[in-house]
Amino acid sequence: MNQFAADNDICGRADLTVVLRRFYTAAFADRRIGPFFTEIAGTDLEVHLPRITDFWERALFRTAGYGRDAFGPHAALHTARAMTAEDFGRWVQLWNAAVDGLHRGPNAERAKATGERIALALHKRLAGEDPALLRREDTRGFVPLAALELRSPA
Ligand code: HEM
């Protein structure tokens, strides 16, 4: 099967479940952002996955109810350890890689654009309380994706 066939777009919850498991497996293992999940929040992936799948199903297809507070957990994390522009840039890079590795099409593009938009919004809201964390580039609406900053230490 051609992995990039035209009909290989993200089609619904079943596809999201696979993309999200792939993304969080990579995120948990990542040297830069993994510790937010594994050390600070102590996230149970099997609890987090159905919630985050609801979140994305609602964001992309409007077919699931997600009524939880998505900002609160990040504010708590940020208090425990500042979440930097580079952390959000790394999140975006891993999210794009998870989507691109499995799907191609308009919904996949929307998933990536939505991820970057929310990452930027979260970063601005968190860093806004601590302007030292806002880099100059951020005022242009860009999560810095400089390879140097994003590459996990070898
Ligand atoms: C550096 C970037 C990020 C890190 C380190 C991070 C980490 C976390 C952690 C540790 C939690 C708590 C999970 C738990 O319940 O144990 C969480 C929750 C959540 N994250 Fe993020 N996150 C990041 C960016 C994002 C972005 C960009 C989005 C949206 C596209 C997002 C969506 C969510 C949502 C919706 C929840 C709440 C799930 C619930 O309903 O409990 N996160 N995040």
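Everything quoted here is computed from the prediction, not taken from an experiment.

## Here we look at the site of the ligand
Moving on, step 1. Surveying the vicinity of the ligand reveals 22 residues, the closest of which are Phe36, Ala41, Thr43, Arg68 and Ala70.
Moving on, step 2. Listing elements by their share of the shell around the ligand, those giving two or more residues are helix H2 (34–41), helix H3 (45–61), helix H4 (71–80), helix H5 (85–102) and helix H6 (106–127).
Moving on, step 3. Tallied by class, residues from the shell around the ligand come to 15 nonpolar, 4 polar and 3 charged.

## What to know about helix H1 (residues 13–29)
Side chains that are three or four residues apart share a direction in an α-helix, a result of its 3.6 residues per turn.
Moving on, step 1. Here H1 spans 24 Å end to end across 17 residues, near enough to the 24 Å set by a 1.5 Å rise per residue.
Moving on, step 2. Restricting attention to buried positions, one finds in H1 the residues Leu16, Val19, Leu20, Phe23 and Ala27. Across the axial projection of H1, the buried residues extend over an arc of 100 degrees, all falling on one side.
Moving on, step 3. The elements touched by buried residues of H1 are H2, H3 and H5.

## Describing the environment of aspartate 9
Moving on, step 1. Here aspartate 9 shows up in the segment before H1.
Moving on, step 2. Using a count of 16 C-beta atoms within 10 Å as the deciding quantity, one classes aspartate 9 as partly exposed.
Moving on, step 3. As for aspartate 9 and glycine 105, which are separated by 96 residues in sequence, their C-alpha atoms are 4.7 Å apart.
Moving on, step 4. Here aspartate 9 is in contact with His103, Arg104, Gly105, Pro106, Asn107 and Ala108, once residues within four sequence places are set aside.

Criteria and cut-off values
- Residues numbered from 1 in each chain as written.
- Predicted model: local features only at pLDDT ≥ 70, side-chain atom pairs only at ≥ 80, totals over all residues.
- Near = placed C-beta within 6 Å.
- Helix = DSSP H or I, 4+ residues; strand = E, 2+ residues; numbered from the N terminus.
- Nonpolar A, V, L, I, M, F, W, Y, C, P; charged D, E, K, R; others polar.
- Expected span 1.5 Å × (residues − 1).
- Buried ≥ 20, exposed ≤ 12 C-beta atoms within 10 Å, placed from the backbone.
- Arc of directions from axis to C-beta.
- Contact = placed C-beta atoms within 7 Å.

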